[in-house]
Amino acid sequence: MQHIMVGVLTLYEVFAYFFLYSFLGWVTEVAFHAVTQGKFVNRGFLNGPVCPIYGTGMVAVLLILGEYVSRPWAVFLVGVALPTAIELITGWVLERFFHNKWWDYSSRRFNLKGYICLEFSILWGVAVLFAVEVVHPAAVWFVGLFSEFWGTLLIALCSALLLADLVITILQVLKLNRILGEIDRAAEAMRKGADLIG
């Protein structure tokens, strides 16, 4: 895994950064909502302490930037465009298939169907610039601490846990959607009964 290249990263680094930034993204989301709402809220789609959208986004940023990763203007522009696109596509897919919104920017100016908004797109650019300039050097150091054997073993374990969490979460959401559908059908029958009596 450490000898297979994917752009400027090894396959090992792709997986390691994916899991690390998925966890750090989850921590950031939870901390932000703890401060703004005064309580713990698991903000991820999954049950576990990961937000894969952050891991996917950061790995994609690193791969797209390649050798331009040292140019702040390029990092900012990619940081605006890529997370915004990921947020738009992911938001649409989650609502389309699971009939639920995990975030909603409808109350903010310059939004597109509540999936994205200009304010957060600019914040994504600043956040990605901060992540590349400040967080990523520490991530490189941390990932480098593990030998090939232990690193690969840890990635395999994280992958198995993520897959199990994904399956369990999807089953839970589908069951909830079925129950909500049954409630809607019962409410419709009651409405029709009330109309008939009326």
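Residues numbered from 1 in each chain as written. Predicted model: local features only at pLDDT ≥ 70, side-chain atom pairs only at ≥ 80, totals over all residues. Heavy atoms only, no water.

1. A few points about the overall build of the protein chain
Helices and strands together make up the secondary structure of the protein chain, namely 5 helices and 4 strands. With the principal axes as the frame, the protein chain shows a C-alpha extent of 70 × 40 × 35 Å. Burial analysis of the protein chain (198 residues in total) assigns 34% to the buried set. Within the protein chain, counting contacts between residues at least 6 apart in sequence, those at least 24 apart form 64% of the total. Per element, the accessible surface of the protein chain, about 12,400 Å² overall, is 71% carbon and sulfur. Distance between charge centres in the protein chain, computed from 13 positive and 14 negative side chains, equals 9 Å. (Helix = DSSP H or I, 4+ residues; strand = E, 2+ residues; numbered from the N terminus. Buried < 20%, exposed > 50% of the residue type's maximum accessible area, 1.4 Å probe, protein only. Contact = heavy atoms within 4.5 Å. Areas by Shrake-Rupley, 256 points an atom, 1.4 Å probe, with all protein chains shown as cover. Lys, Arg positive; Asp, Glu negative; His and termini not counted. Charge placed at Lys NZ, Arg CZ, Asp CG, Glu CD.)

2. Here we look at the packing of aromatic side chains
Within the structure shown, the criterion is met by 7 aromatic pairs. An angle of 75° between the planes, with centres 5.1 Å apart, marks the rings of F18 and F19 as edge-to-face. Here F18 matches F19 in class, with each residue buried. Measuring from centroid to centroid gives 5.4 Å for F142 and F146, while their planes differ by 80°, and the two rings are edge-to-face. Take F146: its relative accessible area is 29%, and that puts it in the partly exposed class. (Phe/Tyr/Trp six-rings, centres within 6.5 Å; stacked < 30°, edge-to-face > 60°.)

3. Considerations on the layout of surface pockets
A volume near 1,300 Å³ is recorded for the largest pocket. Along its surface, the largest pocket is lined by 44 residues, and G25, E29, I53, Y54 and W124 are the ones closest to its centre. Going through the elements one at a time, α1 (11–37), α2 (52–65), α3 (72–98), α4 (118–144) and α5 (148–197) are the ones with two or more residues in the lining of the largest pocket. When grouped by side-chain class, the residues that make up the lining of the largest pocket number 31 nonpolar, 8 polar and 5 charged. One number sums up the size of the second largest pocket: a volume of about 220 Å³. Forming the boundary of the second largest pocket are Y12, F15, A16, F19, L20, F142, V143, F146, G151, L154, I155 and C158. Elements represented by at least two residues in the lining of the second largest pocket include exactly α1, α4 and α5. (1 Å grid on protein atoms, 1.4 Å probe; cavity = no way out; pocket = protein on both sides within 12 Å on 5 of 7 lines; lining within 4 Å. Points joined across faces, edges and corners; volume = space filled by probe spheres on them. Nonpolar A, V, L, I, M, F, W, Y, C, P; charged D, E, K, R; others polar.)

4. Overview of unusual backbone geometry
One non-glycine residue, F110, lies in positive phi territory at about 55°. As for its placement among the helices and strands, F110 is situated in the loop between α3 and β3 (111–112). Accessibility expressed as a relative area gives 59% for F110, which makes it exposed. Backbone geometry places K113, a non-glycine residue, at a positive phi of 50°. Mapped onto the secondary structure, K113 falls in the loop between β3 and β4 (116–117). For K113, a relative accessible area of 63% translates into the label exposed.

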